[in-house]
Amino acid sequence: MRILVVEDNPRMGDLIAQGLRERGFACDVARRLVEADDALASAAFDLILLDVGLPDGDGLDWLRSRPQRGLPPVIVLTARDGLADRITGLDAGADDYLPKPFAMDELAARVRAILRRPGNRAEAVIELGGLTFDPAAQAASALGQRLDLARRELGLFELLMRRAGEVVRRGQIEEGLYAFDEPVTPNAIEAIVSRLRRKLEEAGAAERLHTIRGVGYLLKED
């Protein structure tokens, strides 16, 4: 799942992004609202974490001006923690409102809760022919065996599970696993797929992961 963090404080933005990456999310950071617009035009995001006081405008004014159709869920992160501020933020179109300072575990839990809502893409547990992925626990298993997956292997497994039965192209995998500023080596995706395939094979489920040569990868029931 990919998150856009809109936060002008470099240290705060980097801490939020790093904390969420450690919990299995891909994150990009925008320091200004114009950068947020550029990011949303360039990639598909599942959720936005939005600061209010930004150098080029107010985050809530920006949120009100955005067409709600097609906009991912928004959690407002701000030091403005009065009751009137929270009501204003929610009425402006935010899905949740979290005052600063906050604990990363609480933020991650709120992110998971919003992504589990009807119409969003994060089901409680995703299952496919003996394969399971639990978004809340960030845990994967195959035929009853827990898979010991590194962060990007887990991200690939989640992406393929969410789109089971569809061919996922290499570019879509890069977009889902890497932030804008993260370098992607030519063979990076193939290496991640290879490691995931090997671990599925060790669990007796390698036949569920298919390579569609020249196109991408497909996860389906045997």
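None of these values were measured; they are calculated from a predicted model.

Student: Kindly report on the overall build of the protein chain, identifying the contributing residues and their values.
Tutor: Across its full length, the protein chain holds eight helices and 14 strands. Rg of the C-alpha trace for the protein chain: 18 Å, near the compact-globule value of 17 Å for 222 residues, within the 12% margin. Projected onto its principal axes, the C-alpha positions of the protein chain cover 55 × 35 × 30 Å. Counting across all 222 residues of the protein chain, residues that qualify as buried make up 46%. Residue pairs at least 24 apart in sequence account for 59% of intrachain contacts in the protein chain once pairs closer than 6 positions are excluded. With the model as given, the accessible surface of the protein chain reaches about 10,800 Å², and the carbon-plus-sulfur share is 48%.

Student: Tell me what's going on with the side chain of threonine 78, and back it up with residues and numbers.
Tutor: Looking at the element boundaries, threonine 78 is found in strand 6 (residues 74-78). Ignoring sequence-local partners within four residues, the contact set of threonine 78 consists of Asp51, Val52, Tyr97, Leu98, Pro99 and Lys100.

Student: Can you break down the packing of helix 7 (residues 170-177) against helix 8 (residues 188-202) residue by residue, with the values?
Tutor: Geometrically, a packed helix pair is captured by the angle between its two axes and the distance between the axes. It is the contact of helix 7 with helix 8, at a shortest axis distance of 10 Å, that shows an interaxial angle of 85°. Between helix 7 and helix 8, the angle falls in the class roughly perpendicular. Contacts between helix 7 and helix 8 involve Arg170, Ile173, Glu174 and Leu177 from the first element and Ile189, Glu190 and Ile192 from the second.

Student: Tell me about helix 2 (residues 33-42), residues and numbers included.
Tutor: Inspection of helix 2 places Leu33, Ala36, Ala39 and Leu40 among the buried residues, and these make up the whole buried set. One side of helix 2 holds all its buried residues, which, seen down the axis, span an arc of 110°. Set apart from the buried face of helix 2 by more than 90 degrees, the exposed residues are Ala41 and Ser42. The inward-facing, buried residues of helix 2 contact strand 1 (2-6), strand 2 (26-30), strand 3 (47-50), strand 4 (53-54), strand 5 (57-58) and helix 3 (59-65).

Student: Could you give an account of unusual backbone geometry, with specific residues and numbers?
Tutor: Each neighbour pair has its own omega, and for lysine 100 with proline 101 the value is -5°, a cis peptide bond. Assignment of secondary structure puts proline 101 in the loop between strand 7 (96-99) and helix 5 (104-115). Phi angles above zero are rare outside glycine, and leucine 143 is one such case at about 55°. Take leucine 143: it is sitting in the loop between strand 10 (139-142) and strand 11 (145-147).

Student: Quick rundown of the sheet that holds strand 1? Include the residues and the values.
Tutor: Backbone hydrogen bonds are what pair the strands of a sheet, in a parallel or an antiparallel way. Taking strand neighbours across the sheet as the criterion, the five strands line up as 2-1-3-6-7 in an open arrangement whose pairing is parallel. Only two strands of the sheet have a single neighbouring strand rather than two, namely strand 2 and strand 7. Between one strand and the next, the sheet's axes are offset by a mean angle of 20°, whatever the strand orientation.

What counts and what doesn't
Residues numbered from 1 in each chain as written. Predicted model: local features only at pLDDT ≥ 70, side-chain atom pairs only at ≥ 80, totals over all residues. Heavy atoms only, no water. Helix = DSSP H or I, 4+ residues; strand = E, 2+ residues; numbered from the N terminus. Rg over C-alpha atoms; globule rule 2.2 N^0.38 Å. Buried < 20%, exposed > 50% of the residue type's maximum accessible area, 1.4 Å probe, protein only. Contact = heavy atoms within 4.5 Å. Areas by Shrake-Rupley, 256 points an atom, 1.4 Å probe, with all protein chains shown as cover. Axes fitted to C-alpha atoms, helices over the stretch in contact; angles between N-to-C directions. Parallel < 35°, antiparallel > 145°, perpendicular 65-115°, else oblique. Arc of directions from axis to C-beta. Pairing = 2+ DSSP bridges.

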